[in-house]
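Inside the fold
So the chains spell out like this:
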Amino acid sequence: MGTSRDDSRDAGTATSPDTTPRTGRAITAVAGATGRVSRQVVADLLTGGPAGSTRGRPMDPSDLVFLSRTPERAVETLTDPEHGEPVPQASKCDIRVGDYTDPEGMRRALAGVDTFFMVSMTESAGRVDAHRAAVAAARDAGVRHIVYLSFVGAAEDAVFTHAREHHATEQALRAAAADSGPAFTILRDSFYTEVTGQFIVPDPWRDSGEAIAGPAADGRTGFVTTADVAACAAAVLRDPAAHRGARTRSPGRRR
């Protein structure tokens, strides 16, 4: 899966002043390391990508930070075969407690981080506020670039609640960048192929059988695999400056 940039990039992508002591290396933090997409992103970064793909240079484990609300599960998830192909290098990475609903904790977790891969938290009434708090924490911690996993069709007037919430988060990124905060890249993915089974219901138009149904009437969508989304994200994280202010849409098409 390739990445493609929008011809017109978002304005206001100034990086934040570097107020955090640096190690001389570029440090990348990945949120939700136990989740389906982030787990694959970590694997791609540490191994250079799956065999047969356009492989990148493997990242040194000391340059990668995992953020998780349950850090004790992070290494287990990445190294246990029950959760997928083991990534033994993960045990050498820094693991920090990262919870979007804890702004002070997020600031500590992001200290010294250059690039932050931000995924959305589980749907909840306070989801957008938590996302805004995470963006603010990244700005305050001196993060230089946020790569945010958004959703296709993100817009203020979107019918789909999920898309409206992602739009609000994108707006928070733009506002932070305009106020000398981190640069950003927005990756707009689509419904995951792996969750198609959740949309299977008894066929309402027939006496038997099943149908794939969703809250979109006659709307259509293109499903994408989490592996493709992760490959796209990993490619951007290897060289975030090259994707500064860009918006991509899965599978790599312009938004």
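One can find the structure itself at the top, above this paragraph.
A brief report on the enclosed structure follows. Just so it is clear, the structure is predicted and the values come from calculations on it, not from any experiment. (Residues numbered from 1 in each chain as written. Predicted model: local features only at pLDDT ≥ 70, side-chain atom pairs only at ≥ 80, totals over all residues. Heavy atoms only, no water.)

The secondary structure content of the protein amounts to six helices and ten strands. Put simply, the protein has 255 residues, and 46% of those count as buried. Intrachain contacts of the protein at a sequence separation of at least 6 include 73% that bridge at least 24 residues. In the structure as shown, the protein presents an accessible area of about 12,500 Å², 49% of it carried by carbon and sulfur atoms. (Helix = DSSP H or I, 4+ residues; strand = E, 2+ residues; numbered from the N terminus. Buried < 20%, exposed > 50% of the residue type's maximum accessible area, 1.4 Å probe, protein only. Contact = heavy atoms within 4.5 Å. Areas by Shrake-Rupley, 256 points an atom, 1.4 Å probe, with all protein chains shown as cover.)

A few words on the nonpolar core. Counting residues in hydrophobic clusters, the biggest one holds 60 residues, and the most contacted among them are Tyr100, Leu110 and Phe116. For this core, the element with the highest residue contribution is helix H6 (residues 226-238), accounting for seven residues. When near neighbours in sequence (up to four residues on either side) are disregarded, tyrosine 100 contacts Ala31, Met106, Phe116, Met118, Val119, Met121, Ala130, His131, Ala133 and Ala134. (Core = buried A, V, L, I, M, F, W, Y, C linked by side-chain atoms within 4.5 Å.)

Here we take up the packing of aromatic side chains. A full pass over the atoms with the stated rule returns four aromatic pairs. Consider the rings of phenylalanine 151 and phenylalanine 160, whose centres lie 5.7 Å apart with planes at 65 degrees: the pair is edge-to-face. By relative accessible area, phenylalanine 151 is classed as buried at 6%. Residue class for phenylalanine 160 comes out partly exposed when judged on its relative accessible area of 32%. On the basis of an interplanar angle of 40 degrees and a centroid distance of 6.0 Å, the ring pair of phenylalanine 191 and phenylalanine 223 is categorised as tilted. Here phenylalanine 191, found in the loop between strand S6 (183-189) and strand S7 (200-202), pairs with phenylalanine 223, found in the loop between strand S8 (210-212) and H6; they are 32 residues apart in sequence, far enough to count as distant. Classification of phenylalanine 191 by relative accessible area gives partly exposed; the value is 23%. (Phe/Tyr/Trp six-rings, centres within 6.5 Å; stacked < 30°, edge-to-face > 60°.)

Let us now look at the pairing of strand S5 (residues 145-151). One face of the sheet, then the other: side chains in a regular strand alternate in exactly this way. Burial analysis of S5 places seven of its seven residues in the buried class, the great majority of the element. The two faces of S5 match: His145, Val147, Leu149 and Phe151 on one face and Ile146, Tyr148 and Ser150 on the other face are all buried. Across four bridges, strand S4 (residues 115-118) lies against S5 in parallel orientation. Bridging across to S5, phenylalanine 117 finds its partner in valine 147. Each parallel crossover has a hand, and for S4 linked through helix H4 (residues 127-141) to S5 it is right-handed. Looking at chain direction, S5 and S6 are connected through seven bridges and run parallel. Counterpart to histidine 145 in the pairing with S6 is alanine 183. Handedness of the crossover joining S5 and S6 through helix H5 (residues 161-178): right-handed. (Pairing = 2+ DSSP bridges. Right-handed = clockwise from strand over helix to strand, strands pointing away.)

Given a rise of 1.5 Å per residue, 13 residues ought to cover 18 Å, and the 18 Å separating the end C-alpha atoms of H6 matches this to within 8%. Looking at H6, one finds that the buried residues are Thr226, Val229, Ala230, Cys232, Ala233, Ala234, Val236 and Leu237. Buried residues in H6 make contact with strand S1 (28-31), helix H1 (36-47), S4, S5, S6 and strand S9 (247-249). (Expected span 1.5 Å × (residues − 1).)

All right, on to the side chain of histidine 131 then. In this structure, histidine 131 sits in helix H4. Residue class for histidine 131 comes out buried when judged on its relative accessible area of 1%. At 2.9 Å, the side chain of histidine 131 and the side chain of threonine 169 are in polar contact. Not counting residues up to four positions away in its chain, the partners in contact with histidine 131 are Tyr100, Met118, Ser120, Met121, Tyr148 and Thr169. (Polar contact = N/O pair within 3.5 Å; in protein donor to acceptor, adjacent residues only side chain to side chain.)

A few words now on H5. Look at H5: 26 Å from first C-alpha to last across 18 residues, which is about the 26 Å you get at 1.5 Å a residue. Burial of H5 is extensive: 13 of the 18 residues sit out of reach of the surface.

Bear in mind that shape data such as this cannot, by itself, settle questions of function.
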